[in-house]
Amino acid sequence: MPEPSKAPAKSTDVANAGFSHLATKASSGQASKNSTDFLVLIIDVNPLSWASNFSLSSQASIASRELESVLDAILIFLNAHIAMQHENGLAVYAASLGLAKLLFTTAPFASKGDLGGSSEAIKSKPDANTYQHFRHVDNAVLQGIRKMAREVSEKDQTDTASNQATLGIVSAMSQALCQLNRLTMTDQTGSEQSLSGKTPGTLAAKSSMSSRILILSATPDASTQYIPMMNCIFGAQKKGILIDVCKMFGDDTVFLQQASHLTGGSYFRLDEQLGLLQTLMSAYLPSRSIRELLNLPNQDEVDFRAACFCHRKIVDIGYVCSVCLSLFCEPRPQCLTCKSKYPQSTLERFAQENQNRIK
Amino acid sequence: MPPRGADDDYVGENEAIPEEEEDFLDDDDSGDEFQNLTPLPRLGRPGLRAKASAPAAQAKGKDSTKPKGKAKDAGYSWEATYKRSWDNVHEDESGSLEGAVRQMIDGNKRKRVMRDVAPVQRGIIRHLVLLIDLSSSMLEKDMRPNRFELTLQYAKEFVNEYFDQNPIGQLSIVGTREGIAERIAQMGGNTIDHVSALSNKRKLEPRGEPSLQNALEMARSSLAHLPASNSREILAIFGSLTTCDPGNIHDTIATLQKDQIRVSMVSLAAEVKILKEVCTKTGGSFSVALNEGHFRDCLFELLPPPAVEGPKRKAGGQADGIEASSVVQGVDLLQMAFPLRLPAHSEPTLCACHSKLKGSGYLCPRCGSKVCDVPTDCPVCGITIVMSTHLARSYHHLFPVSNWVAVGWEKVDEKSCPRCFSCAIPFPEKPGHANAAMNGAAAGKNKFNGTATSAAATSAAKKSTGAAKDDSGLAPSSRYACLKCGNHFCLECDAFVHENLHVCPGCC
Ligand SMILES: [Zn+2]
Ligand SMILES: [Zn+2]
Ligand SMILES: [Zn+2]
Ligand SMILES: [Zn+2]
Ligand SMILES: [Zn+2]
Ligand SMILES: [Zn+2]
């Protein structure tokens, strides 16, 4: 496939079109800077959880007003992240019911064509009072979320309750990991650009990229998502990607607690809505190299206990199917998941052991 | 050994080959093929030597016609036709090899991706003995820097990767030299112990003759007592062509068969009948490493847990009737304990495994003793102690992502998304269909259009498997479609999702 080898170079130019001074500076100054930070932000905009959280105040419009104030805080945070360092990368995903969408990315290879609203943003007149790059991000995120809200409401009318169970968070995480994978890969090998003879110097310098994912979570766990979620976590762990979680409201999610614990990120539960901006700025803005020096909020105990597949009961000592690794709280003759039958001798042995213990 | 100059010579003689190709040949898998032949002369069997040197001579000669008459007896790899890898590389119109080389690299990626995804029962709870030849033949320098160093390096990588892919598996390492077998690392689940044992080069200094039988017997002794639900395997890395055994090795093979221990081997020298026989009779695989890269591939092929149907098939051959009604072999219910994790700042106590004073640790829920690391078997009461995450790490073997199919050009229209679903890289435009495909408006709509589109995409993708893709499995349109969700992905994401992530971004 000869085409893609040329495509990245081309789209880099497109991406940097508005601020070519940045692009040149980035390539020349990169060797001295040792850490560039790529941040992936995943915003949970699941309408159900937003609505249910603010329904207490009995005003329908209050949820949307809350969402808007949260978005304001997020945009300030994103702008701050971009302003920290010229080379800082950024990708924003919105996750809703059953779908996740890329709203904005600075990844050089990504196509800018149909990302939520960014095309309109470029067309609009430049505003002398705002930094153009900030404006791109803001427009892309706001319009993307609006578009997504429309799509979700349309979808609700067409197929009700078919996709309701799945949440977009895992899809967003997996997409983010794919993008980060491609990003680190083009950094390390750089084969594509070096083959076409373009600026080999920038490639070696870029490989020190550190990346992290920040999830602004609003929705509680869905047990059907356990396996894909864990796979994402292990994928991130293997790639050395941190997962930070900021729980905006609602119950703690055990899955995301595990995600941040296993990848070395931090999990923070927001007690007060108004504190969002401060939390984002103080806990999640510092780059990974600085984080080592900070005492970030982390949870002491993570619930790693296992729940049985039969009653969802937390077990200390469980019985595991050797074929599918399903976990049961008591010996049973047949697996609930894969229908394997277990040998009689094993069952008898367990029964005897249990009797002995009772005596 | 033919001097390194030999193939340089050959390339040099053929003036049509441009410079980049020489580089390429050096890295290529089969480019160094005659190096395998080196141990043969030491066999002291003139017949073999004559046979072996023939293909090399032919390859070295300037004669460009194919070597003939070697294909009919394909029993040994050195007797097979000499494959000239550079015949597969063709220049494009501009005389550049970039396209051809890229095609090969991509093809390799795809091949790895297309590996088994059929839902089979797998022996997730693995016990494996890594058997390393430490005889003087391991000092041979046909692999750089030498066989011994390379083996240790790959063994370390193998151990790390093994525990990553088999979190509740266990491993032990056995070496053989001077006619005896010695245990290098105990059966256990601790990566650090194993890697540090393999790092101690001075202690592992190769010398003398190996003993295959002694080594197999020692490995067997640490596997035979395990319950039937555990898969029992031996992986041997063997550099020697000889073995110095105290008894009849066929008796050992019989007992291995009886204990259902699967033996796989990677030979660094050549195919040896008895080595191959051990593997085939016990249901394992045997391979001869061609060069450094191939050696690594041979080892790493054995990383995913083996399918359980091996022993089952054997049992079925003897007694079909019984098998159908009763329990399938290898299926069992296992008792496992999920420990309480003690934080690092808790009061230090002695651990049951090393008798060290430590704050952090895990408490066995049955007997209350403290262990340093999980997964392990409780040293006091013997129960298997695991964390729920260890079980979760294995789930991707059981529920793999189905293979994605290559999409042909005819299946790509304005409705198809112009970029990769997961990494957003733009796909190449359809030839002769120029700017229409880039119109984001039409393309963006498609993606979330619900079931109708994805069903159409599914059927489209299915049809395209037969017609559009070439034999390498690469898609002409650079698109790969998930049959479940119908989204299109790039090759890079295809490889990443199937090898690392194990989640389809569109399906969840
Ligand atoms: Zn239960
Ligand atoms: Zn089962
Ligand atoms: Zn210990
Ligand atoms: Zn115990
Ligand atoms: Zn992709
Ligand atoms: Zn899919």
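Not measured: the values here are computed from a predicted model.

A. Quick look at the overall build of chain A. Scanning chain A from terminus to terminus reveals 14 helices and 10 strands. Every one of the 359 residues in chain A was classed for burial, and the buried ones make up 52%. Looking at chain A alone, contacts between residues at least 24 apart form 67% of all its contacts between residues at least 6 apart. Element-wise, carbon and sulfur atoms account for 54% of the exposed surface of chain A, whose accessible area totals about 16,400 Å².

B. Quick look at the overall build of chain B. Within chain B one finds 17 helices and 17 strands. Relative to its full complement of 508 residues, chain B shows a buried share of 50%. Sequence-distant contacts, at least 24 apart, represent 67% of the contacts inside chain B between residues at least 6 apart. About 23,000 Å² of surface is accessible on chain B, with carbon and sulfur atoms providing 52% of the total.

C. Structural context of the pairing of strand β3 (residues 180-188) of chain B. Residue and element names in this part refer to chain B. By the bridge criterion, 6 bridges tie strand β2 (residues 170-177) to β3 in an arrangement that is antiparallel. Paired with threonine 176 across the bridge in β3 is alanine 181. Between β2 and β3, which follow one another and run antiparallel, lie 2 residues, and glutamate 178 among them has a positive phi close to 50°.

D. Molecular detail of the sheet that holds strand β12 (residues 370-371) of chain B. Residues and elements named next belong to chain B. Ordered by their spatial adjacency, 3 strands build an open sheet running β8-β11-β12, and the pairing between neighbours is antiparallel. What marks the edges here is a single partner per strand, and that holds for β8 (340-342) and β12. The pairing of strand β11 (residues 361-363) with β12 spans 2 bridges and is antiparallel. In the sheet register, leucine 363 faces β12, and the bridge partner there is lysine 370.

E. Layout of the environment of leucine 491 of chain B. Looking at the element boundaries, leucine 491 of chain B is found in helix α17 (residues 491-501). In this structure leucine 491 of chain B comes out as buried when scored by relative accessible area, which is 3%.

F. Quick peek at the interface of chain A and chain B. Across the contact, 74 residues belong to chain A and 61 residues belong to chain B. Linking chain A to chain B there are 2 salt bridges. Lysine 238 of chain A is the salt-bridge partner of aspartate 164 of chain B, the closest N and O atoms lying 3.2 Å from each other. For the side of chain A that touches chain B, the element with the most residues is helix α10 (residues 226-239) of chain A, which contributes 11 residues. Alignment of strand β9 (residues 317-321) of chain A against strand β7 (residues 333-337) of chain B, held across 5 bridges, turns out to be antiparallel. Among the inter-strand pairings, valine 320 of chain A is bridged to a residue of β7 of chain B, identified as leucine 334 of chain B.

G. Examining the coordination of the zinc ion (ligand 5) more closely. All names here are of chain B. Protein coordination of the zinc ion (ligand 5) is provided by Cys420 (SG), Cys423 (SG), Cys490 (SG) and Cys493 (SG), with donor distances spanning 2.2 to 2.3 Å. Coordination at the zinc ion (ligand 5) comes from 4 donor atoms whose angles at the metal span 102 to 118°, giving a geometry best classed as tetrahedral. The sequence motif formed by the donor residues of the zinc ion (ligand 5) is C-x2-C-x66-C-x2-C. Of this pair, cysteine 423 sits in the loop between β15 (405-406) and α15 (440-447) while cysteine 490 sits in the loop between β17 (488-489) and α17, and the two are 67 residues apart along the sequence.

H. Local environment of the nonpolar core. All names here are of chain A. Judged by nonpolar contacts, the single largest core of 91 residues is most densely connected at Val40, Ile42 and Ile213. The biggest single contributor to this core is helix α7 (residues 168-188), with 9 residues. Beyond its immediate chain neighbours, meaning those up to four positions away, isoleucine 213 contacts Val40, Ile42, Ala176, Leu177, Leu180, Ile241, Leu242, Ile243 and Asp244. Leu75, Ile145, Val152 and Leu285 belong to the second largest nonpolar core, which has 39 residues in total.

I. Spatial organisation of helix α11 (residues 254-263) of chain A. A large share of α11 of chain A lies buried, amounting to 8 of its 10 residues. For α11 of chain A, the complete set of buried residues consists of Phe255, Leu256, Gln257, Gln258, Ala259, Ser260, Leu262 and Thr263 of chain A.

J. Representation of the coordination of the zinc ion (ligand 6) in the model. Summarising the metal site, the zinc ion (ligand 6) is bound by the protein donors Cys482 of chain B (SG), Cys485 of chain B (SG), Cys504 of chain B (SG) and Cys507 of chain B (SG), whose distances to it range over 2.2 to 2.3 Å. Seen from the zinc ion (ligand 6), its 4 donor atoms lie at angles of 105 to 114°, and the figure they make is tetrahedral.

K. Up close: the environment of methionine 248 of chain A. Residue and element names in this part refer to chain A. Secondary-structure assignment places methionine 248 in the loop between β5 (242-247) and α11. By relative accessible area, which is 1% here, methionine 248 ends up buried. Distance from methionine 248 to aspartate 44, taken between C-alpha atoms, is 9.4 Å for residues 204 residues apart in sequence. In this structure, methionine 248 is in contact with Asp44, Trp50, Val70, Leu216, Ser217, Ala218, Leu270, Gln273 and Leu276, ignoring residues within four places of it in sequence.

L. Up close: the pairing of strand β1 (residues 37-44) of chain A. All names here are of chain A. Buried residues dominate β1, accounting for 8 of its 8 residues. Residues Asp37, Leu39, Leu41 and Ile43 point to one face of β1 and Phe38, Val40, Ile42 and Asp44 to the other, with burial holding for every one of them. Alignment of β1 against strand β4 (residues 210-217), held across 7 bridges, turns out to be parallel. The residue of β4 that forms the bridge with valine 40 is isoleucine 213.

M. Main features of the pattern of salt bridges. Residue and element names in this part refer to chain B. Per the counting criterion, the structure on display carries 18 salt bridges over all chains. The closest approach of N and O atoms between aspartate 142 and arginine 147, which form a salt bridge, is 3.0 Å. The salt bridge involving arginine 220 is made with aspartate 259; its shortest N-O contact spans 2.6 Å. Here arginine 220, found in helix α8 (residues 212-221), pairs with aspartate 259, found in the loop between α9 (249-258) and β5 (261-267); they are 39 residues apart in sequence, far enough to count as distant. Exposure class is identical for arginine 220 and aspartate 259. Each is buried.

N. A look at the environment of leucine 139 of chain B. Residue and element names in this part refer to chain B. As for its placement among the helices and strands, leucine 139 is situated in the loop between β1 (126-133) and α6 (147-165). Sequence spacing of leucine 139 and glycine 239 is 100 residues, and the spatial spacing of their C-alpha atoms is 9.1 Å. Residues contacting leucine 139, with those up to four places away along its chain left out, are Asn146 and Pro206.

O. A look at α6 of chain B. All names here are of chain B. The terminal C-alpha atoms of α6, which comprises 19 residues, lie 26 Å apart, in line with the 27 Å expected from a rise of 1.5 Å per residue. Within the sequence span of α6, burial applies to Arg147, Phe148, Leu150, Thr151, Leu152, Tyr154, Ala155, Phe158, Val159, Tyr162, Phe163 and Gln165. Structurally, the start of α6 carries an N-cap: the backbone nitrogen of phenylalanine 148 is 3.1 Å from a side-chain oxygen of asparagine 146.

Cut-offs used in this document
- Residues numbered from 1 in each chain as written.
- Chains lettered and ligands numbered in written order.
- Predicted model: local features only at pLDDT ≥ 70, side-chain atom pairs only at ≥ 80, totals over all residues.
- Heavy atoms only, no water.
- Helix = DSSP H or I, 4+ residues; strand = E, 2+ residues; numbered from the N terminus.
- Buried < 20%, exposed > 50% of the residue type's maximum accessible area, 1.4 Å probe, protein only.
- Contact = heavy atoms within 4.5 Å.
- Areas by Shrake-Rupley, 256 points an atom, 1.4 Å probe, with all protein chains shown as cover.
- Pairing = 2+ DSSP bridges.
- Salt bridge = Lys/Arg side-chain N within 4 Å of Asp/Glu carboxyl O.
- Donors = N, O, S within 2.8 Å, 3.2 Å for Na, K, Ca; no water.
- Tetrahedral: all angles 85-135°; square planar, octahedral: opposite > 155°, others 65-115°.
- Core = buried A, V, L, I, M, F, W, Y, C linked by side-chain atoms within 4.5 Å.
- Expected span 1.5 Å × (residues − 1).
- Polar contact = N/O pair within 3.5 Å; in protein donor to acceptor, adjacent residues only side chain to side chain.

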